Amino acid sequence: MIQATLAHMRNSSSFFKTSDIIKILDGRKNEEIGFFVPLVFKEEFQAFVEAVEKKKKTELLKRIAKAQKKDPIEEGSSSDGIR
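Residues numbered from 1 in each chain as written. Predicted model: local features only at pLDDT ≥ 70, side-chain atom pairs only at ≥ 80, totals over all residues. Heavy atoms only, no water.

Counted according to the given criterion, the structure contains 3 salt bridges. Measuring nitrogen to oxygen at the nearest pair gives 3.9 Å for the salt bridge that ties Lys 62 to Glu 59. You can see Lys 62 and its partner Glu 59 sitting in helix α3 (residues 42-70), 3 residues apart, about one turn around the helix. (Salt bridge = Lys/Arg side-chain N within 4 Å of Asp/Glu carboxyl O. Helix = DSSP H or I, 4+ residues; strand = E, 2+ residues; numbered from the N terminus.)

Dropping the structure here:
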């Protein structure tokens, strides 16, 4: 993995012609900002992102189901079918 600053991105002709993942740092604060994933890893990275998104959606749906389960059914209302 290569480390680079935002200033290196200005010279994009050499910055983006790599087959390595680049860790992008804020040069002034020396803090990690994110990563640049080259096109070589597109399929693997897309699968990873989809798995993360699916996990987030599943967790959200679990929270919604728990909240609906705790919501009492009052007289005159209908059930949502969650037990």
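On average, residues of the chain carry a pLDDT of 83, and 86% of them reach 70 or more. In the model of the chain, helix α2 (residues 12-15) stands out as the element of lowest mean pLDDT, 71, in contrast to α3, which has the highest, 92. (pLDDT = per-residue confidence, 0-100.)

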